[in-house]
Amino acid sequence: MMEKRTNGEVSPAMKPQFAGNFETGKVNRTPLWKRFVTQRHLQTMALLGVIWMIIFNYIPMYSIIIAFKEYNIVKPISEAPWVGLANFKEFLADDNFVYVMKNTLGISLIKLLIFPLPIIFALFLNEVRSVRFKKSIQTISYLPHFLSWVVLGGILATWLADVGIINNILMALHVIDQPISFLAEPKYFWTIIITSDLWKELGWSAIIYLAAITSISPEMYEAATIDGAGRFQKMWYVTVPTIKGTISILFILAVSGVLNSNFDQIMVLRNSLNDSASNVIDYYVYYTGLLSARFSYSAAIGVFKSVISLILLLIANQVSKKLNDTSLF
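This is a predicted model, so every value here is computed, not measured.

What counts and how
- Residues numbered from 1 in each chain as written.
- Predicted model: local features only at pLDDT ≥ 70, side-chain atom pairs only at ≥ 80, totals over all residues.
- Heavy atoms only, no water.
- Helix = DSSP H or I, 4+ residues; strand = E, 2+ residues; numbered from the N terminus.
- Rg over C-alpha atoms; globule rule 2.2 N^0.38 Å.
- Buried < 20%, exposed > 50% of the residue type's maximum accessible area, 1.4 Å probe, protein only.
- Contact = heavy atoms within 4.5 Å.
- Areas by Shrake-Rupley, 256 points an atom, 1.4 Å probe, with all protein chains shown as cover.
- Lys, Arg positive; Asp, Glu negative; His and termini not counted.
- Charge placed at Lys NZ, Arg CZ, Asp CG, Glu CD.
- Salt bridge = Lys/Arg side-chain N within 4 Å of Asp/Glu carboxyl O.
- Axes fitted to C-alpha atoms, helices over the stretch in contact; angles between N-to-C directions.
- Parallel < 35°, antiparallel > 145°, perpendicular 65-115°, else oblique.
- Left-handed = near helix turned anticlockwise from the far one by under 90°.
- Nonpolar A, V, L, I, M, F, W, Y, C, P; charged D, E, K, R; others polar.
- Arc of directions from axis to C-beta.
- Phe/Tyr/Trp six-rings, centres within 6.5 Å; stacked < 30°, edge-to-face > 60°.
- Polar contact = N/O pair within 3.5 Å; in protein donor to acceptor, adjacent residues only side chain to side chain.

S.K.: Explain the overall build of the protein here, please?
M.R.: Within the protein, the regular secondary structure consists of 16 helices and zero strands. Here the protein has a C-alpha radius of gyration of 27 Å; the compact-globule value for 329 residues is 20 Å, and the former is much larger. The dimensions of the protein, computed from C-alpha atoms along their principal axes, are 75 × 65 × 35 Å. Split into buried and exposed, the 329 residues of the protein put 31% on the buried side. For the protein, restricting intrachain contacts to residue pairs at least 6 apart in sequence, the fraction spanning at least 24 positions comes to 60%. Carbon together with sulfur atoms contributes 67% to the accessible area of the protein, which is approximately 21000 Å² in total. In the protein, the 27 positive side-chain charges and the 21 negative ones have mean positions that sit 10 Å from each other.

Okay, here's the thing in structure tokens:
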């Protein structure tokens, strides 16, 4: 049994777990290769992840230079002539720039505004006392996440068709007199995108918040109960402040991804009729790069998007650090 210490001393049973010497404050200088051999199983697993990252994340970064060149697919990248910032200037002067950015920012900012919904869902789900009912709600809310947008896109296209279930319900309720081709009308596209994304990811997005909530000490709720706090008061004054670190980190990541518009979802639901509302920056990169074979131009757009995302990440991280001392770095 571990010996107890009441004067601030550390039990001898605990000392082997630390690398330092408690009496002298010296650090154990075990050679790196010996530590690697001792931890060879863990190091091997980590090494495989590092190799994967180098191959698929770092080596391809060499191709970024085509954004500053006039690249031709039949010649090596090294032989492509340098054009500097010409591709970036062309994108900024492009007639499509304004409405591509409008669609991208419009959809992304609306998604950012509904960022609190998974938090609210997790808070209310945590208050459900019936375990069976709680698990049923979790299963129903998580299920759409595991279906690809190809499948969900087909389901939505069927539901939103002229003879689909949505039109039938609206006509039965006398909300509309004639069927509406929802996917053919640009004015409905943003609503369809936001609603379907919320339907697919709400339950899954709440998992992290539920995990953070389960780590809260029950003693905090007991103390709040003794003070006379109700369920909503405990939710507001105990649960939310305790998970604010998790909320801040996820919000920082959401802000940095504001130029991401979920390419899979857009690709499945867009068509030539709703192009004015569905042509976002991700689709425009795909269109100019693969369909039009303008590789340097599309690479420049991708670099532009990455730089803006990095700037947004740094700003959101700094603001979060100032407001609540929580940041990524």
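S.K.: Explain the pattern of salt bridges here, please?
M.R.: A pair can form between side chains of opposite charge whenever their charged atoms are brought close. Counting across every chain of the model gives seven salt bridges. One salt-bridge network, in which partners are shared between bridges, spans Glu127, Arg129 and Arg231.

S.K.: Sorry, what's going on with the packing of helix 12 (residues 244–256) against helix 16 (residues 295–324) here?
M.R.: In contact at an axis separation of 7 Å, helix 12 and helix 16 are set at 155° when each is read in the N-to-C sense. In terms of orientation, helix 12 lies roughly antiparallel with respect to helix 16. Crossing hand, helix 12 versus helix 16: right-handed. Contacts from Lys244, Ser248, Ile252, Val255 and Ser256 in helix 12 reach Ser309, Leu312, Leu313, Ala316, Asn317, Ser320 and Asn324 in helix 16. Its residues assigned to classes, the contact of helix 12 with helix 16 comprises five nonpolar, six polar and one charged.

S.K.: Got a minute to help me understand the environment of Tyr188 in this structure?
M.R.: With respect to the helices and strands, the residue Tyr188 is situated in helix 9 (residues 186–214). Linking Tyr188 and Asn274, residues 86 residues apart in sequence, is a C-alpha distance of 8.8 Å. Setting aside its immediate chain neighbours within four residues, Tyr188 contacts Ile180 and Phe182.

S.K.: Would you mind showing me how to read unusual backbone geometry here?
M.R.: Backbone geometry follows two general trends: most residues other than glycine have a negative phi, and most peptide bonds adopt the trans configuration. Residue Asn262 is not a glycine yet carries a positive backbone phi of 60°. Note that Asn262 resides in the loop between helix 12 and helix 13 (263–269). Positive phi, normally seen in glycine, also occurs at Asp325, with a value near 55°. Tracing the sequence through the fold places Asp325 in the segment after helix 16.

S.K.: Teacher, can you tell me more about helix 3 (residues 86–93) here?
M.R.: Regarding helix 3, the residues found buried are Asn87, Phe88 and Phe91. Burial along helix 3 is one-sided: seen end-on, the buried residues are contained in an arc of 100°. Along helix 3, the residues that are exposed and aim more than 90 degrees away from the buried face are Lys89 and Ala93. In this fold, the buried residues of helix 3 make contact with helix 4 (97–113), helix 15 (281–291) and helix 16.

S.K.: Any chance you could explain the packing of helix 3 against helix 16 here in plain terms?
M.R.: Two measures define how a pair of helices packs: the angle their axes make with one another and the distance between the axes. Where helix 3 contacts helix 16, the axes come no closer than 9 Å and their chain directions differ by 80°. The angle between helix 3 and helix 16 falls in the class roughly perpendicular. Seen from helix 3, the contacting residues are Asn87, Phe88, Glu90, Phe91 and Leu92; seen from helix 16, they are Ser296, Tyr297, Ala300, Ile301, Val303 and Phe304. Here the contact of helix 3 with helix 16 is composed, by residue class, of eight nonpolar, two polar and one charged.

S.K.: So what exactly am I meant to see when it comes to the packing of aromatic side chains here?
M.R.: What characterises a pair of aromatic rings is the spacing of the ring centres plus the angle enclosed by the ring planes. All told, the structure shown has 17 aromatic pairs when counted by the stated rule. Ring centres of Phe97 and Phe304 lie 6.3 Å apart, and the angle between their planes is 70°; this geometry places the pair in the edge-to-face category. Taken together, the residues Phe97 in helix 4 and Phe304 in helix 16 connect sequence positions 207 residues apart. Grouping residues by exposure puts Phe97 and Phe304 together as buried. Ring centres of Phe146 and Trp204 lie 5.2 Å apart, and the angle between their planes is 85°; this geometry places the pair in the edge-to-face category. Taken as a pair, Phe146 in the loop between helix 6 (131–142) and helix 7 (149–159) and Trp204 in helix 9 lie far apart in primary sequence, 58 residues in all. Looking at Trp204, the relative accessible area reads 34%, which means it is partly exposed. These aromatic residues form a ring-pair network of at least three members: Phe91, Phe97, Tyr284, Tyr297 and Phe304.

S.K.: Help me understand the side chain of Asn167, please; the structure alone is not making it clear to me.
M.R.: With respect to the element layout, Asn167 can be found in helix 8 (residues 165–172). Accessibility expressed as a relative area gives 0% for Asn167, which makes it buried. Only 2.8 Å separates the side chain of Asn167 from the backbone nitrogen of Ile180, close enough to count as a polar contact.

S.K.: What am I meant to see in the side chain of Ser261 here?
M.R.: Relative to the helices and strands, Ser261 is located in the loop between helix 12 and helix 13. Setting aside its immediate chain neighbours within four residues, Ser261 contacts Thr104, Ser108, Lys111, Ile266, Val280 and Asp282.

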